[in-house]
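Summary of structural features
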Amino acid sequence: IFAHNGNLLDYNPPLSGRFLPVGSTDSEIAFCWLLQELSEKFKTLPKYEDLFSTLQELTVKVGKLGEFNYLLANGETLFAHCSTQLSYIIRQAPFATASLKDQEMTVDFSEVTNNEDRVAIVATQPLTDNEAWIPMKPGTLWRFREGVVKQTAETIAGVKNPLCR
């Protein structure tokens with residue numbers, strides 16, 4: 001799963017043909033390019049630390065071309081890159097009620113979870129107004145697994161990104 005929020009200027013990397021976008025958005029092209037590069041480097045699923053390291057390198061390449069906030073997940077692990085603005089929250093027991101920011105709606109998570117549940121939610125902006133969302137530093141890559149932050153790293157080493165605040 002891939003989600004991209006941003007704008008990559010003049011982004012047209014060479015694609016080998018194994019992964020091709022259905023449309024012409026920068027998001028589709030970025031996803032296909034990431035899959036292509038990962039499949040060329042790894043023939044089988046690597047250790048997540050190695051995958052993270054490679055994603056960090058690839059993200060630096062793409063991130064030079066504009067705003068590149070993204071989420072990439074394989075069903076077990078979520079990678080999140082904050083180019084300009086992302087926030088996250090980890091929900092776990094004891095679960096409380098959350099109030100959505102943009103609608104008059106609340107959800108009592110204690111009614112739909114059990115004490116073993118734990119989840120990380122990442123969004124461009126906080127989705128609720130009564131919870132403590134954690135802003136992600138622009139220019140960072142994150143790895144979440146089972147609702148826990150497992151790894152973070154700078155994606156802009158020694159370079160001042162004009163998009164970062």
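Look up a bit, the structure's there.
The following paragraphs examine the structure supplied in this document.

Conventions we followed
- Residues numbered from 1 in each chain as written.
- Predicted model: local features only at pLDDT ≥ 70, side-chain atom pairs only at ≥ 80, totals over all residues.
- Heavy atoms only, no water.
- Helix = DSSP H or I, 4+ residues; strand = E, 2+ residues; numbered from the N terminus.
- Polar contact = N/O pair within 3.5 Å; in protein donor to acceptor, adjacent residues only side chain to side chain.
- Contact = heavy atoms within 4.5 Å.
- Pairing = 2+ DSSP bridges.
- Axes fitted to C-alpha atoms, helices over the stretch in contact; angles between N-to-C directions.
- Phe/Tyr/Trp six-rings, centres within 6.5 Å; stacked < 30°, edge-to-face > 60°.
- Buried < 20%, exposed > 50% of the residue type's maximum accessible area, 1.4 Å probe, protein only.
- Salt bridge = Lys/Arg side-chain N within 4 Å of Asp/Glu carboxyl O.
- Parallel < 35°, antiparallel > 145°, perpendicular 65-115°, else oblique.
- Left-handed = near helix turned anticlockwise from the far one by under 90°.
- Nonpolar A, V, L, I, M, F, W, Y, C, P; charged D, E, K, R; others polar.

**Some points on the side chain of Thr 77**
By the secondary structure assignment, Thr 77 is in strand β3 (residues 77-82). At 3.1 Å, the side chain of Thr 77 and the side chain of Arg 145 are in polar contact. With residues up to four places along the chain from it excluded, the contact list for Thr 77 reads Tyr 48, Leu 72, Arg 143, Phe 144 and Arg 145.

**A closer look at the sheet that holds strand β4 (residues 87-92)**
In space, the 3 strands of this open sheet follow the order β7-β4-β8, with antiparallel pairing throughout. Edge strands, defined here as strands with exactly one partner in the open sheet, are β7 (118-123) and β8 (134-135). Across 2 bridges, the pairing between β4 and β8 is antiparallel. The residue of β8 that forms the bridge with Ser 87 is Pro 135.

**Details of the sheet that holds strand β10 (residues 148-154)**
In any sheet, the strands associate via hydrogen bonds between backbone groups, in a parallel or an antiparallel arrangement. Across the sheet, 5 strands lie side by side as β1-β2-β3-β9-β10; this open sheet has antiparallel pairing. If you trace the sheet from one side to the other, it starts and ends with β1 (2-8) and β10, each paired once. Here the average twist between neighbouring strands, direction ignored, is 10°. Relative to strand β2 (residues 66-73), β1 runs antiparallel, the two sharing 7 bridges. In the sheet register, Leu 8 faces β2, and the bridge partner there is Gly 66.

**Remarks on the packing of aromatic side chains**
Centre-to-centre distance and the angle between the planes together describe a pair of aromatic rings. Scanning all chains against the criterion turns up 8 aromatic pairs. Measuring from centroid to centroid gives 5.7 Å for Phe 2 and Tyr 70, while their planes differ by 35°, and the two rings are tilted. Placement of the pair is Phe 2 in strand β1 and Tyr 70 in strand β2, with a sequence separation of 68 residues. Look at Tyr 70 and you get buried, because its relative accessible area is 1%.

**As for the pattern of salt bridges**
Summed over the entire model, instances satisfying the criterion amount to 4 salt bridges. Salt-bridge contacts for Glu 131 lead to Arg 91; the nearest nitrogen and oxygen are separated by 2.6 Å. One end of the pair, Glu 131, is in the loop between β7 and β8; the other, Arg 91, is in strand β4, with 40 residues separating them in the sequence. Notably, a salt bridge pairs Glu 154 with Lys 137, separated by 3.1 Å at the nearest N-O pair. One end of the pair, Glu 154, is in strand β10; the other, Lys 137, is in the loop between β8 and β9 (140-145), with 17 residues separating them in the sequence.

**A closer look at the packing of helix α1 (residues 26-41) against helix α2 (residues 48-63)**
Across the interface, α1 lies against α2 with an axial gap of 11 Å and an inter-helix angle of 140°. When the axes of α1 and α2 are compared, the pair comes out oblique. In this structure, α1 crosses over α2, and the sense of that crossing is right-handed. Along its contact with α1, which presents Trp 33, Leu 34, Glu 37, Leu 38 and Lys 41, the element α2 presents Leu 51, Thr 54, Leu 55, Leu 58, Lys 61 and Val 62. Its residues assigned to classes, the contact of α1 with α2 shows 7 nonpolar, 1 polar and 3 charged.

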